[in-house]
Amino acid sequence: MTVEELELRVKKLSMRSTTAKMNLHDLSEELPTDWQKIPEVAAETFEVFKELAAMRKALKDARKANA
């Protein structure tokens, strides 16, 4: 991937991570309603942030390689 492609991917993942974070926050505010959804929403949030961290690292490494 090029630096530009990685930047775009990080931007999209950042938006997804914000949405996931808000979904988790909203769920927590509605407790005890829908408490059964905690594992699913938490897992989705975890995966998005995991992927975002990996893409940020890849972008940082790509920028270093191009410098």
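Heads up: these notes are all about the structure in this document. Quick caveat: nothing in here was measured; it's all calculated off a predicted structure.

Applying the stated criterion to the full structure yields 5 salt bridges. As a salt-bridge pair, R63 and E7 come within 2.7 Å of each other at their nearest N and O atoms. Of this pair, R63 sits in helix α2 (residues 38–66) while E7 sits in helix α1 (residues 3–30), placing them 56 residues apart in sequence. Of the residues examined, E7 reaches a relative accessible area of 33% and is grouped as partly exposed. Note that E51 is salt-bridged to R16, the shortest N-O span being 4.0 Å. Of this pair, E51 sits in helix α2 while R16 is found in helix α1, placing the two residues 35 residues apart along the sequence. On the basis of relative accessibility, which here comes to 26%, the residue E51 falls in the partly exposed class. Residue classification places R16 among the partly exposed residues on the basis of a relative accessible area of 41%. Three or more residues are tied together by salt bridges with common partners; here these are R9, R16 and E51.

The first and last C-alpha atoms of α1 sit 40 Å apart over 28 residues, in line with the 40 Å expected at 1.5 Å per residue. Check the buried side of α1 and you find it contacts α2.

In this section: the side chain of S17. As for its placement among the helices and strands, S17 is situated in helix α1. The class of S17 is buried, set by a relative accessible area of 5%. When residues no more than four places from it in sequence are discounted, the contact partners of S17 are V48, F49 and L52.

Right, let's get into unusual backbone geometry. Residues L31 and P32 are joined by a peptide bond in cis, for which omega reads 10°. Tracing the chain through its elements places P32 in the loop between α1 and α2. At D34, a position not held by glycine, the phi torsion is positive, near 60°. Here D34 shows up in the loop between α1 and α2. Owing to a relative accessible area of 28%, D34 belongs among the partly exposed residues under this scheme.

What counts, and at which threshold
- Residues numbered from 1 in each chain as written.
- Predicted model: local features only at pLDDT ≥ 70, side-chain atom pairs only at ≥ 80, totals over all residues.
- Heavy atoms only, no water.
- Salt bridge = Lys/Arg side-chain N within 4 Å of Asp/Glu carboxyl O.
- Helix = DSSP H or I, 4+ residues; strand = E, 2+ residues; numbered from the N terminus.
- Buried < 20%, exposed > 50% of the residue type's maximum accessible area, 1.4 Å probe, protein only.
- Expected span 1.5 Å × (residues − 1).
- Contact = heavy atoms within 4.5 Å.

Everything listed is a geometric property; what it means functionally is a separate question.
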